[in-house]
Amino acid sequence: MTEVRRDFYGWATPNSQRVSILLEELGLRYVAYGVNIRARAQFTPEILALNPYGKIPILREETDGEPTLVLFESGAILVHLAERHGAFLPSSGPTRAETLAWLMVALTSLGPMTGQAHHWTELAPEPSGVALRHTVALVDRVYRLLEGRLDAHRYLAGDAFSIADIAAYPWIARRAWALQSLDTHPSLARWFAEIGARPGVGRGMAVPAGALLE
Ligand SMILES: N[C@@H](CCC(=O)N[C@@H](CS)C(=O)NCC(=O)O)C(=O)O
């Protein structure tokens, strides 16, 4: 029987949590390695050898003891695992296309815009009101989009929980970074509570054990 070993490199960050949530939702066995980005561990030779971009998450797979895949970019990892295990992404048809569209909203708008806003709300060495207002306004627009979608549909891709929800959830959990609130987004709040109640999501959010971003 073929034996697959999976090594997951991550930290308590939203992009990492996307992957650990999916690993848990799929019930896969994996070994989690902590890469503390606040201690700049992403720039060690070991991590740069796996991802020359020096970013997490990273997934490494071995099949029967032979390295078969090293993958970075959370979206690529989500699609790879979902396809390989036949879950949370339809294999063809319009719902697959829609799932990928909402996945891309999470990958290219929600995550990066929230990350940029976070720079201006908490991390920048010098404040900039212009940059803060600009980046928060970009996130406001994404939240309005998600609220409208979830007003009309149970999940981002429609009727079924998918990798689009998994990609969005950890960033909504960090909404304070971009001065967002669920109080003014009732449908997003309903979705956030439902996704957060899934045991696999709860477990995935806590990987690697003991990791703290602060
Ligand atoms: N587009 C990438 C972004 C990865 C990313 O920016 N990861 C952050 C943690 S959430 C990181 O590694 N930051 C450290 C750095 O950029 O040096 C993905 O989705 O995987």
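Quantities reported herein were computed from a predicted structural model and do not represent experimental measurements.

A.B. asks: Explain the domain arrangement of the chain here, please?
C.D. replies: A common measure of how large an interface is: the accessible area buried when the components associate. Splitting the chain by domain gives domain 1 (4–87 + 201–205) and domain 2 (94–198). On a C-alpha basis, the centroid separation for the pair domain 1 and domain 2 is 22 Å. At the interface, 13 residues of domain 1 touch 13 residues of domain 2. Of all the elements in the fold, those that place two or more residues in the side of domain 1 that touches domain 2 are helix H1 (14–25), helix H3 (74–85) and helix H8 (199–205). A per-element tally of the side of domain 1 that touches domain 2 places H1 first, with 6 residues. Grouping the amino acids of the side of domain 1 that touches domain 2 by side-chain chemistry returns 7 nonpolar, 5 polar and 1 charged.

A.B. asks: I'm lost on the site of the ligand in this one. Help?
C.D. replies: In the region of the ligand, 13 residues are neighbours, and Thr13, Asn15, Ile37, Lys55 and Ser74 sit closest. Of all the elements in the fold, those that place two or more residues in the shell around the ligand are H1 and H3. When residues of the shell around the ligand are assigned to their parent elements, the largest contribution, 3 residues, is made by H1. Here the shell around the ligand is built from residues that sort into 4 nonpolar, 7 polar and 2 charged.

A.B. asks: Please clarify how the pairing of strand S4 (residues 66–72) should be interpreted in this entry.
C.D. replies: Remember that side chains alternate between the two faces of the sheet whenever the strand is regular. The sheet contact formed by strand S3 (residues 58–63) and S4 spans 6 bridges and is antiparallel. Among the inter-strand pairings, Glu62 is bridged to a residue of S4, identified as Pro67. Linkage of S3 to S4, two consecutive antiparallel strands, is achieved through a turn of 2 residues, within which Asp64 is found at a positive phi near 50 degrees.

A.B. asks: What exactly am I supposed to notice about the packing of H3 against helix H6 (residues 163–173) here?
C.D. replies: For any two helices packed against each other, the geometry is given by the interaxial angle and the distance between the axes. Interhelical geometry of H3 versus H6 gives an angle of 145 degrees and a closest axis separation of 10 Å. In this structure, H3 meets H6 at a crossing whose hand is right-handed. Counted together, Ser74, Gly75, Leu78 and Ala82 of H3 and Ile163, Ile166 and Ala167 of H6 form the full contact between these two elements. Its residues assigned to classes, the contact of H3 with H6 shows 5 nonpolar, 2 polar and no charged.

A.B. asks: Would you take a moment to explain the sheet that holds strand S2 (residues 31–34) for this structure?
C.D. replies: Pairing between the strands of a sheet comes from backbone hydrogen bonds, and it takes one of two forms, parallel or antiparallel. With respect to topology, 4 strands assemble into an open sheet ordered S2-S1-S3-S4, the strand pairing being mixed. Edge positions in the sheet fall to S2 and S4, since each has one partner strand and no second. Neighbour-to-neighbour, the strand axes of this sheet turn through a mean angle of 20 degrees, independent of strand direction. The pairing of strand S1 (residues 4–10) with S3 spans 6 bridges and is antiparallel. Opposite Phe8, over in S3, you have Leu59 as the bridge partner. Strands S1, S2 and S3 of the sheet are contacted by H1, whose axis makes an angle of about 150 degrees with S1.

A.B. asks: Which parts of the structure should I look at to understand the environment of Val19?
C.D. replies: Take Val19: it is sitting in helix H1. Counting along the chain gives 188 residues from Val19 to Val207, while the straight-line C-alpha distance between them is 9.6 Å. Excluding residues that lie within four positions of it along the chain, Val19 makes contacts with Phe8, Gly10, Pro57, Leu59, Ser74, Ile77 and Leu78.

Here is what the cut-offs are and how they apply
- Residues numbered from 1 in each chain as written.
- Predicted model: local features only at pLDDT ≥ 70, side-chain atom pairs only at ≥ 80, totals over all residues.
- Domains from an automatic or database assignment.
- Contact = placed C-beta atoms within 7 Å.
- Helix = DSSP H or I, 4+ residues; strand = E, 2+ residues; numbered from the N terminus.
- Nonpolar A, V, L, I, M, F, W, Y, C, P; charged D, E, K, R; others polar.
- Near = placed C-beta within 6 Å.
- Pairing = 2+ DSSP bridges.
- Axes fitted to C-alpha atoms, helices over the stretch in contact; angles between N-to-C directions.
- Left-handed = near helix turned anticlockwise from the far one by under 90°.

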